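An overview of the molecular structure
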Amino acid sequence: RVLFRSLDEGQLGQVREYQKLVEDDSKDVRSLQKIGDLYAKMKRPPDAVATYTAVAKLYMEQEYYERASAVLRGANNYEPSNPEINKSLGEAYHRMGRLKDAVIWYNKAQELYKDANDTRSQRDVLERMVQLDPEDVGLRIRLAERYVKDGKEDDALGIFRYAANHFEDEGRFDDFAKVAERVVFLDASDHVMRQKIVQNAMDRQDYKRALRHLQVLFKWDDKNQETLRTLAFVFRQMS
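A look at the overall build of the chain
Scanning the chain from terminus to terminus reveals 13 helices and 0 strands. Starting at the N terminus, the α and β elements of the chain follow one another as α-α-α-α-α-α-α-α-α-α-α-α-α. Overall, the chain is about 90 × 35 × 25 Å in size when its C-alpha atoms are taken along their principal axes. Counting all 239 residues of the chain, 40% fall into the buried class. Across the chain, every contact between residues at least 6 apart in sequence was considered, and the portion connecting residues at least 24 apart equals 41%. Just so you have it, the chain exposes about 14,200 Å², and 48% of that area is on carbon and sulfur atoms. One finds the centroid of the 41 positive side-chain charges in the chain at a distance of 3 Å from the centroid of its 42 negative side-chain charges.

Okay, structure coming up:
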């Protein structure tokens, strides 16, 4: 115990010396990293993580993204559930152009923010992910659902409509049906989308679902001949 105490005291003395260097030059990233390494050796993870994240921030400012990612991975070993570290790793890989790696770390961050009920931060990360991979329709839908929960229905609707049209064009009619239902739930006046839902349900002989939407269309326009013919057909099938 005496030996360990002596080692700790010696390491703390080194920390103080490096801290003086950092006080003289706040950009002295090497001295700051030495402090983080010393805290790690002394088994003081919170202090090590705080120092490593400060080091990574300086590296990011200096555009040394590879170094920043290496330091952040070290910090992540101590606190893998820290969303800020995961987000920073995503940003570092983004800046390096390693987009797949960036998406992986951003995804971890947004899940952690979600678990922590930090909706604003989760939405911010999801938006970054969509910017990185705009062709990922599933990711867009996740962002849209986040928008709905955050009361941003107009933003969500734009994404849901895009996704519905995308799935329709690709012939993915199960996926189309799910997203189209979200559209008319948020915008009951979108009768064009509702008519597409009816056609989708009729093609699948899902007459109960078709009837539900046909009733809305009938209230909107009780003289529409196509709606009337389809209603009559559905009633015959269900009788």
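From this point, the discussion proceeds with the structure in view.
Looking at the pattern of salt bridges
Note on pairing: side chains with opposite charge can pair once their charged atoms come close. Here the structure, examined in full by the defined rule, presents 23 salt bridges. We note a salt bridge from aspartate 150 to arginine 123, for which the minimum N-O separation is 2.7 Å. On the criterion of sequence distance, the pair formed by aspartate 150 in the loop between α8 (137-149) and α9 (153-169) and arginine 123 in helix α7 (residues 119-132) is long-range, its members being 27 residues apart. On the basis of relative accessible area, arginine 123 is assigned to the buried category, the value being 16%.

Some remarks on the nonpolar core
Counting residues in each nonpolar core, the largest one holds 57 residues, and the members touching the most others are Ile141, Phe160, Phe167, Val179 and Met193. A total of 8 residues in this core trace back to one element, the largest contributor, which is helix α3 (residues 45-61). Ignoring any residue separated from it by four or fewer positions in sequence, one finds valine 179 in contact with Ile141, Phe160, Ala163, Ala164 and Phe167. In this structure, Val198, Ala210, Leu217 and Leu231 belong to the second largest nonpolar core, which totals 10 residues.

Brief notes about the confidence of the model for the chain
Of all residues in the chain, 97% have pLDDT values of 70 or greater, and the mean over the chain is 92. Confidence over residues 1-7 falls short of pLDDT 50; this stretch has 0 contacts with residues more than four positions distant or in other chains.

A short note on the packing of helix α4 (residues 65-78) against helix α5 (residues 83-96)
Relative orientation of the contacting elements α4 and α5 amounts to 160 degrees, with a least axis distance of 9 Å. Judged on the interaxial angle alone, α5 and α4 are roughly antiparallel. Considering how the two elements wind past one another, α4 and α5 form a crossing that is left-handed. Counting all contacts with α4, which are made through Tyr65, Glu66, Ser69, Leu72, Arg73, Ala75 and Asn76, the residues of α5 involved are Ile85, Asn86, Ser88, Leu89, Ala92, Tyr93, Arg95 and Met96.

What about the packing of aromatic side chains?
Centre distance and the angle of the planes are the two values used to describe a pair of aromatic rings. One pass over the structure, following the stated rule, counts 2 aromatic pairs. Seen in terms of ring centroids, tyrosine 59 and tyrosine 64 are 6.3 Å apart; in terms of plane orientation they differ by 65 degrees. Their pairing is edge-to-face. Among the residues examined, tyrosine 59 registers a relative accessible area of 6% and is labelled buried. Arranged with centres 6.2 Å apart and planes meeting at 70 degrees, the rings of tyrosine 207 and phenylalanine 233 form a pair that is edge-to-face.

So, how was this worked out
Residues numbered from 1 in each chain as written. Predicted model: local features only at pLDDT ≥ 70, side-chain atom pairs only at ≥ 80, totals over all residues. Heavy atoms only, no water. Helix = DSSP H or I, 4+ residues; strand = E, 2+ residues; numbered from the N terminus. Buried < 20%, exposed > 50% of the residue type's maximum accessible area, 1.4 Å probe, protein only. Contact = heavy atoms within 4.5 Å. Areas by Shrake-Rupley, 256 points an atom, 1.4 Å probe, with all protein chains shown as cover. Lys, Arg positive; Asp, Glu negative; His and termini not counted. Charge placed at Lys NZ, Arg CZ, Asp CG, Glu CD. Salt bridge = Lys/Arg side-chain N within 4 Å of Asp/Glu carboxyl O. Core = buried A, V, L, I, M, F, W, Y, C linked by side-chain atoms within 4.5 Å. pLDDT = per-residue confidence, 0-100. Axes fitted to C-alpha atoms, helices over the stretch in contact; angles between N-to-C directions. Parallel < 35°, antiparallel > 145°, perpendicular 65-115°, else oblique. Left-handed = near helix turned anticlockwise from the far one by under 90°. Phe/Tyr/Trp six-rings, centres within 6.5 Å; stacked < 30°, edge-to-face > 60°.

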